[in-house]
Amino acid sequence: MTTPLVEMRDMQKSFGGIKAVDHVTIDLYPGEVVGVLGHNGAGKSVLMKMLSGALPRDGGEIFINGQKATINNPRDARNLQIETIYQYLALADNLDAASNLFLGRELTTPLGFVDDALMEAETRKIMKRLNPNFRRFHTPVSGLSGGQRQSVAIARAVYFNAKILIMDEPTAALGVQETRMVAELIDQLKSEGIGILLIDHDIHQVKMLCDRANVMKNGQLVGTVKVDEVSEDDLLGMIIAGKCPPNATPGPGAVQTA
Amino acid sequence: MTETSPATSPQAKPRSFFAALEFDTRLIGMIGAFVVICLIFNLLTDGRFMTPRNIFNLTIQTASVAIMATGMVFVIVTRHIDLSVGSLLATCSAIMAMMQTVVTPEWLGLGLNHPLTMPIAILVGMLAGLVIGAFHGWLIGYLSIPAFIVTLGGFLVWRNVAWHLTDGQTIGPLDENFQLFGGINGTLGETWSWVVAALAVLGAFYAIFQSRRNRVLHEFPVKPLWAEFFMGAIATAAIVGLVAVLNAYEIPTARLVRIFEARGETMPEGLVLGYGLPISVLLLILIAFIMTIVARRTRLGRYIFATGGNPEAAELAGINTRLLTVKIFAIMGVLCAISAVVASSRQTFHSNDIGTLDELRVIAAAVIGGTALSGGMGTIYGAILGALIMQSLQSGMAMVGVDAPYQNMVVGTVLVLAVFIDILYRRRTGDKT
């Protein structure tokens, strides 16, 4: 048994009286893509935000490589090589691609000033690899298309050698071509041994990209499945009715069938 | 590889004269507006507006508001506002006035006009500005009280703390060395002004050269060489022109005689000396330089603009936006204290009403200078130019003989108009407003 890259045990988070995440336990192994599925409001984004440090947790423990980790803010998560690609919130619209890519981790000259030229050069390098069509290095990212913005966000995660990557609906704003690009990228990162947690509600995409999937409903874990062993209908049943197919590992949120 | 070395073929396509220069069109527009204002007033005053004397006065009148406006850019860029700067200036001014008229001469027994008085007073004043500003920032960042409310409260509190400290009295005359920061009482003289000009020209060329070298190093496209030299020539002309004008403002003979008498010398017959660069203006230039470096070349500046553009993204990128708010308001506080030095020494005493309405002038200067209240956008040089435009309007109208109420009506209208033009400009260039 290898140790899991990430293990989130018994995670809890409430907003007011509502239990957004209710005693959820999931794990992720190196080189694995694990989906986190559920309706809007099922708690999947909140669960991921506790891992990325964007939200403090009420209870539960996070283990990275088997060691208990303290994640209280996004900086802690970054130090543990956890990178997040958010659906909308990730970029400062008024800054250019290089400034966004290095935001919070600027490259500096020996005197401590930000080295824009060096950052632009690095950005050009990584963009050549990820998205060769990307040319607009000097415009604020507000002037970029959805796909170009997403590639900046992905470049950020890749550049800083993420070991654990959280992707929050990475293809929601993208066209067909760009979606394919992201899918290829996920496969590539996976082969490099990076663990990816993918939040999505496109079941077809989850079947295609993921190895395993966790389904959440009303803040609780319905169950964990290997996507090859279940049908799309089984997954739908878990999301909508909370009904676990026989070959799933049921969680506390599974409907008890007689 | 079809790519050629950037040093030999810098442009992909032939470019027009202006495109090659890569001018900031917004800056050009503002300078244009400023020139038009100057020309109109010059015409209306039969050439009195653009005399060395009036230009000298314009620069020293602008210094105080312009210094604070550079800090207001950071405040507004991060989507905050500071309504308390005029009052904070008054409190810092009162503290410094009491330091040099009561604390150092009497409590410390240094007597009047001791050489240590000026540095002590200024240090204490700046410390007060720093602490008060940081306190505002803490209330805003950590306790999440809106900046509008915190500084509206500060507006009332600090205005009256100043009153309390001085019992509402006018405190003066201020220390002789302190008065050097006031403008006419402290100028560099012709020779040192030229030295400063020469250093500034060298600095400008070094900056242009350095940025070009950096781009070549990373194989980025660069401007044609003649365009770089043209920019350098413009900077040189501006620097030399300003110093030449300030040097051309001659010290009145009677005053020169008194200066020489004070030194126990006799004035050579027919001696003519110019005032040169006022120390307050030199201070403004230094602050503008430092603030521009902070904005463009430091992490702090990068985080300020990132937070202004998208606070959530900044936070997710690991930026401590609360601490950032404290820093921004602390900078604003220190700048208020420096402005207090300039403002109180210009009038040679501390008065109870010092800095009244300055908050509005400072905000207006920043906004006229292109700082967007929606956050994320603004420049230091824009804010200074904005302050200069406002001051020119005000003194120009006073010289023409426009009555005070009409002056303020015009300035108010110009503020609204300037923002409207800015919105139109951004719409045209496709920037987000």
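Chains are numbered independently. Their residues run from 1 in the order of the written sequence. Chains carry letters and ligands carry numbers; both start at the beginning, A for chains and 1 for ligands, and go up in the order they are written. In keeping with the model being predicted, local features are shown solely for residues with a pLDDT of at least 70 and side-chain atom pairs are shown and tallied solely at 80 or more, while totals for entire chains, interfaces and linings include all residues.

**Student:** Looking at this model, I keep getting lost on the sheet that holds strand β3 (residues 33–37) of chain A. Mind explaining?
**Tutor:** Whether parallel or antiparallel, the strands of a sheet pair through hydrogen bonds between backbone atoms. Residue and element names in this part refer to chain A. By the convention used here, strands pair only if DSSP detects at least 2 bridges between them. Secondary structure elements follow DSSP: runs of H or I no shorter than four residues count as helices, runs of E no shorter than two count as strands, and numbering proceeds from the N terminus. Sheet architecture is open: seven strands sit in the order β6-β7-β8-β3-β9-β10-β11, paired in mixed fashion. A single partner strand is all that each edge strand has here, and the edge strands are β6 (82–85) and β11 (249–250). Strand direction decides the pairing type here: β3 and strand β9 (residues 212–217), joined by four bridges, are parallel. Looking across to β9, one finds that Gly 35 is bridged to Ala 213.

**Student:** How should the packing of helix α3 (residues 52–77) of chain B against helix α13 (residues 321–346) of chain B be read in this particular structure?
**Tutor:** When two helices pack together, their arrangement is given by the angle between the helix axes and the distance between those axes. Residue and element names in this part refer to chain B. Between N-to-C directions, angles cover 0 to 180 degrees, with each direction set by a line fitted to C-alpha atoms, over the stretch in contact for helices. It is the contact of α3 with α13, at a shortest axis distance of 9 Å, that shows an interaxial angle of 175°. In this view, α3 runs roughly antiparallel relative to α13, as classed from their interaxial angle. Together, Ile 60, Ala 63, Ser 64, Ile 67, Met 68, Thr 70, Gly 71, Met 72, Phe 74 and Val 75 of α3 and Ile 328, Ile 331, Met 332, Leu 335, Cys 336, Ile 338, Ser 339, Val 342, Ala 343 and Arg 346 of α13 make up the contact between the two elements. Note on angle classes: values under 35 degrees are labelled roughly parallel, values over 145 roughly antiparallel, values of 65 to 115 roughly perpendicular, and the remainder oblique. Any two residues are considered in contact once their C-beta atoms, placed from the backbone, lie within 7 Å.

**Student:** How should I be thinking about the domain arrangement of chain B in this particular structure?
**Tutor:** It is common to give the size of an interface as the accessible area lost on bringing the parts into contact. Residues and elements named next belong to chain B. Each domain's limits were defined by an automated method or a database of domain assignments. Segmentation of chain B into domains returns domain 1 (52–186 + 278–429) and domain 2 (187–277). Contact residues are listed per partner, giving nine residues for domain 1 and nine residues for domain 2. Elements with a minimum of two residues in the side of domain 1 that touches domain 2: α3 and α10 (279–297). Sort the elements by how many residues they give to the side of domain 1 that touches domain 2 and α3 lands first, with four residues. Here the residues of the side of domain 1 that touches domain 2 are counted per class, giving seven nonpolar, one polar and one charged. Charged residues are taken to be Asp, Glu, Lys and Arg, nonpolar residues to be Ala, Val, Leu, Ile, Met, Phe, Trp, Tyr, Cys and Pro, and polar residues to be all remaining types, Gly included.

**Student:** Before we go on, may I ask you to explain the interface of chain B and chain A in this structure?
**Tutor:** Contacts between chain B and chain A engage 24 residues on the former and 23 residues on the latter. If one sorts the elements of the side of chain B that touches chain A by residue count, helix α11 (residues 299–309) of chain B sits on top with six residues. When its residues are assigned to classes, the side of chain B that touches chain A shows nine nonpolar, eight polar and seven charged.

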